[in-house]
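Geometric and topological summary
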2 protein chains.
Amino acid sequence: MSKSIKVFAPATVANVGSGFDILGFALHEPGDELSVKISGKPGIRIINKTPFAIPESPEKNVSGISLKAMLQQLKSNQGFEIEILKKIMPGSGLGSSAAGSTASIFAANELLGRPFTLEELIPFAMEGERSVSGIAHADNVGPALLGGFVLIRSYRPLDIIRLEYPKKLHCAVVHPQIEVRTEDARKILKDKITLKDAIVQWGNVAGLISGLYRGDYDLIGRSLVDVIIEPIRSVLIPGFDAVKKAALDAGALGCSISGSGPSIFALCRSFRDAERVALQMSETFNDAGIENHSYVSIIGDTGTRIID
Amino acid sequence: MSKSIKVFAPATVANVGSGFDILGFALHEPGDELSVKISGKPGIRIINKTPFAIPESPEKNVSGISLKAMLQQLKSNQGFEIEILKKIMPGSGLGSSAAGSTASIFAANELLGRPFTLEELIPFAMEGERSVSGIAHADNVGPALLGGFVLIRSYRPLDIIRLEYPKKLHCAVVHPQIEVRTEDARKILKDKITLKDAIVQWGNVAGLISGLYRGDYDLIGRSLVDVIIEPIRSVLIPGFDAVKKAALDAGALGCSISGSGPSIFALCRSFRDAERVALQMSETFNDAGIENHSYVSIIGDTGTRIID
């Protein structure tokens, strides 16, 4: 049994247009890197190697919180030392807290001889999410752990399905340097929606799932429409409409808000398409004077993984 | 070119639990039988061979209404004679008006040398539906024409997808002899629903579609849950809860209201399962003193078809 391990947990895109709270997918990169070491003494010690500040108290850091939940279940007081190099910016809408929550428990699970399956790890990672947003959602931690396209069919009981999808599906993401807090993005949503809009939405959810299974890019594109959440949340992202238009004009299948924003993602048929789309999205933010970072990635098939 | 043709249009189950207004499937049987003949003089003549009364005026009969819509599009004043033998009871919730609407245009399309594809016929059949319920819905006429499991992803524009599904999937249906008018069943629905319920519903829609593509019977069963429409409409069907319980106890994957009711359907793994489930559902209605008819059928892969 190894005493230390280095793992990578990918960025993830939750909601995916019509699938608010139930759908998410993993990118192949970027992602957070954690080195996790079995420690001789009890307790979790966190060392930040990231060039910006993150909480180092294990009670306040998501990697510590999820790991504590896992150790509690195991009734173990094994100690761990965790070095964190974050590459997913907190508050980007790209599952930064999910990556932090999954990486530590994935690594510890490996070091302890895999007492849990990947699916069994998800509830512990959800505790990390709860600590950040107040809600133990699974649409980032699910794909961050399992990789690929993931459906949270139900929360009670937790029922997580890894969907099929066309293997050439790529994603362009642009992260504008503005702050949208997950909590605020939740608060502006309305408690009630019209049945009429809900029918449009679940038609699109059904179309998206069907398009993924069939590998039908046009159907995926037609179905990547959110009539309920995006119209409300997009007002928190200056330039959203122009960036979305730029993505679609550049050949994106569809485009919407990643998680609770402010990042915007677009699904594309190929790496080349995604590169062109990312460039146009980024330039549109540039034109509006909004600093931004863009990423291009294939859908990440493996999720959290050992890199050393 | 033949001068007369006999066609069969199957009963259909719309909504399918979580898929209100967007999902439907065809049964292999029962169905309506129409004999359609090219006539020497213009106009549509309807002859009822059914042992109960139906409108014989082509302006009031759905077979006449859909056919008129089709002939109008063709700018044709070709005359037709239509003999109707209905086997799907009007008001059963099994797509009786959809079968009537599709059979006539399917037959006329054949007799005229197929000026339209099956998909192109759907809007004409929807006119038949509009005449009955006030709403041109497509979740019965879609599967009645195309067969199989059908998704209406969008109404504007009309986007109809034939889904994959496990070929052994069977259906048990029980039709209690009580009246529920489609119009009334619409009226009692609420215009607004909670976002929370909507999320549960589209999680189940996504699970159902995924289960159909994977051929995962358990997932189909877990996803066949309607938290929005069924709780309201089921109060119009005396004995609903007991019949549903009987179906699930007898091994049904899931059970809900067919269309706007009063028929209740259950999906099953096999013909044997469906037979047992239908019997238990029927006996539960019998015990409550409610006369009923039950049907057992595989999902109908072909939809409307020539039988002579």
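Cut-offs and rules
By convention here, each chain's residues receive numbers from 1 onward along its written sequence. Lettering of chains starts at A and numbering of ligands starts at 1, both following the order in which they are written. The predicted origin of the model limits local features to residues at a pLDDT of at least 70 and limits the giving and counting of side-chain atom pairs to 80 or more, whereas totals for whole chains, interfaces and linings rest on all residues. Numbered from the N terminus, helices here are DSSP runs of H or I no shorter than four residues, and strands are runs of E no shorter than two. Based on C-alpha atoms, the radius of gyration is set beside the globule rule, defined as 2.2 Å times the residue count to the power 0.38. In this scheme every C-beta is placed from the backbone, and a residue whose C-beta has 20 or more other C-beta atoms within 10 Å is buried, one with 12 or fewer is exposed, and one in between is partly exposed. Helix axes use the C-alpha atoms of the stretch in contact, all axes being lines fitted to C-alpha atoms, and the angles between their N-to-C directions lie in the range 0 to 180 degrees. Orientation labels follow simple angle bins: below 35 degrees gives roughly parallel, above 145 gives roughly antiparallel, 65 to 115 gives roughly perpendicular, and whatever is left gives oblique. Two helices that cross are described as forming a left-handed crossing if the nearer one is turned anticlockwise from the farther one by less than a right angle, and a right-handed crossing if clockwise. Two residues form a contact once the distance between their C-beta atoms, set from the backbone, is within 7 Å. Charged means Asp, Glu, Lys or Arg here, nonpolar means Ala, Val, Leu, Ile, Met, Phe, Trp, Tyr, Cys or Pro, and polar covers whatever is left, Gly included. The pLDDT value tells you how sure the predictor is about a given residue, anywhere from 0 up to 100. The nonpolar core is taken to be a set of buried Ala, Val, Leu, Ile, Met, Phe, Trp, Tyr and Cys residues joined by way of C-beta atoms within 7 Å. Any two strands are treated as partners once DSSP identifies two or more bridges connecting them. A least-squares superposition brings the copies together, and it is based on the C-alpha atoms of residues with pLDDT no lower than 70 in both. These domain limits were set by an automatic method or by a database of domain assignments.

1. Overview of the overall build of chain A
In terms of regular secondary structure, chain A is built from ten helices and twelve strands. Relative to the globule expectation of 19 Å for 308 residues, the C-alpha radius of gyration of chain A, 19 Å, shows essentially globular dimensions. Seen along its three principal axes, the alpha-carbon backbone of chain A occupies a region of about 55 × 40 × 35 Å. Every one of the 308 residues in chain A was classed for burial, and the buried ones make up 57%.

2. Focus: the packing of helix H9 (residues 240-249) of chain A against helix H10 (residues 271-287) of chain A
Residues and elements named next belong to chain A. Interaxial distance between H9 and H10 falls to 8 Å at its minimum, and their mutual angle equals 155 degrees. Taken together, H9 and H10 sit at an angle that is classed as roughly antiparallel. The interaxial crossing formed by H9 with H10 has right-handed handedness. Judged by residue contacts, Ala242, Val243, Ala246 and Ala247 of H9 engage Val277, Gln280, Met281, Thr284 and Phe285 from H10. Within the contact of H9 with H10, the residues separate by chemical class into seven nonpolar, two polar and no charged.

3. A few points about the confidence of the model for chain A
Chain-level statistics for chain A give a pLDDT mean of 96 and a share of 100% at 70 or above. Across the interface, the model reports ipTM at 0.95; the global pTM reads 0.96.

4. What about the nonpolar core?
With 196 residues, the main nonpolar core has Ala172 and Met281 of chain A together with Ala172 and Met281 of chain B as its most contacted residues. Excluding its chain neighbours within four sequence positions, the residues that come into contact with Met281 of chain A are Ala172, Val174, Val243, Ala246, Ala247, Ile264, Ala266 and Ser294 of chain A.

5. Focus: the pairing of strand S9 (residues 254-257) of chain B
Taken together, the four bridges between S9 of chain B and strand S10 (residues 264-268) of chain B define a ladder with antiparallel strand orientation. Its bridge partner being in S10 of chain B, Ser256 of chain B is matched across the sheet by Phe265 of chain B.

6. Some words on the interface of chain A and chain B
Chain A puts 33 residues into the contact, and the matching count from chain B is 33 residues. Counting residues per element, the ones that place at least two in the side of chain A that touches chain B are strand S5 (149-155), strand S6 (158-163), strand S8 (192-194), helix H6 (195-214) and helix H7 (217-223) of chain A. Here the side of chain A that touches chain B takes 13 residues from H6 of chain A, the largest share from any one element. A per-class count over the side of chain A that touches chain B returns 17 nonpolar, nine polar and seven charged.

7. Some details on the relation of the copies chain A and chain B
Mapping chain A onto chain B calls for a screw motion: a turn of 180 degrees about the axis and a shift of 0.0 Å along it, with 0.0 Å RMSD after fitting. The relationship between the two copies is best expressed as a two-fold rotation axis.

8. A few points about the sheet that holds strand S7 (residues 170-176) of chain B
Residues and elements named next belong to chain B. Strands sit in the order S9-S10-S7-S11 across an open sheet of four strands; the sheet is antiparallel. Unpaired on one side and paired on the other, S9 and strand S11 (292-298) mark the two borders of the sheet. Geometrically, the sheet is characterised by an average inter-axis angle of 20 degrees between neighbouring strands, direction not taken into account. Note that S7 and S10 share five bridges and pair antiparallel. Across the sheet, the residue bridging to His170 is Cys268, located in S10. In the packing of helix H9 (residues 240-249) onto the sheet, contacts are made with S7, S9 and S10, and the angle to S10 comes to roughly 15 degrees.

9. Focus: the domain arrangement of chain A
All names here are of chain A. The domain boundaries assigned to chain A delineate domain 1 (4-164 + 301-306) and domain 2 (170-298). Listed by partner, the interface residues are 24 residues for domain 1 and 34 residues for domain 2. Mapped onto the side of domain 1 that touches domain 2, the elements with two or more residues apiece are strand S1 (4-14), strand S2 (23-39) and helix H3 (118-133). Here the side of domain 1 that touches domain 2 gets four residues from one element, more than from any other, and that element is S2. Among the residues forming the side of domain 1 that touches domain 2, the class breakdown is ten nonpolar, twelve polar and two charged.

10. Comments concerning the packing of helix H2 (residues 96-111) of chain A against H3 of chain A
Residues and elements named next belong to chain A. Where H2 meets H3, the closest approach of the two axes is 9 Å, and the angle between their N-to-C directions is 145 degrees. Between H2 and H3 the crossing geometry is right-handed. Side by side, H2 and H3 meet where Ser97, Ala98, Gly100, Ser101, Thr102, Ile105, Phe106 and Asn109 of the first sit next to Leu121, Phe124, Ala125, Gly128, Glu129 and Val132 of the second. Taken together, the residues of the contact of H2 with H3 break down into seven nonpolar, six polar and one charged.

11. What about the environment of Ile290 of chain B?
All names here are of chain B. Relative to the assigned elements, Ile290 resides in the loop between helix H10 (271-287) and S11. Accessibility expressed as a C-beta count within 10 Å gives 18 for Ile290, which makes it partly exposed. Residues Ile290 and Ile178, spaced 112 residues apart in sequence, show a C-alpha to C-alpha distance of 8.1 Å. Among residues more than four places away in sequence, those in contact with Ile290 are Pro176, Gln177, Ile178, Pro238, Gly239 and Phe285.

12. With respect to the environment of Leu236 of chain A
Residues and elements named next belong to chain A. In this fold, Leu236 is placed in the loop between helix H8 (230-233) and H9. Taking the C-alpha atoms as reference points, Leu236 and Thr194, 42 residues apart in sequence, are found 22 Å from one another. Excluding anything up to four places from it in sequence, Leu236 contacts Val180, Ala185 and Gly261.

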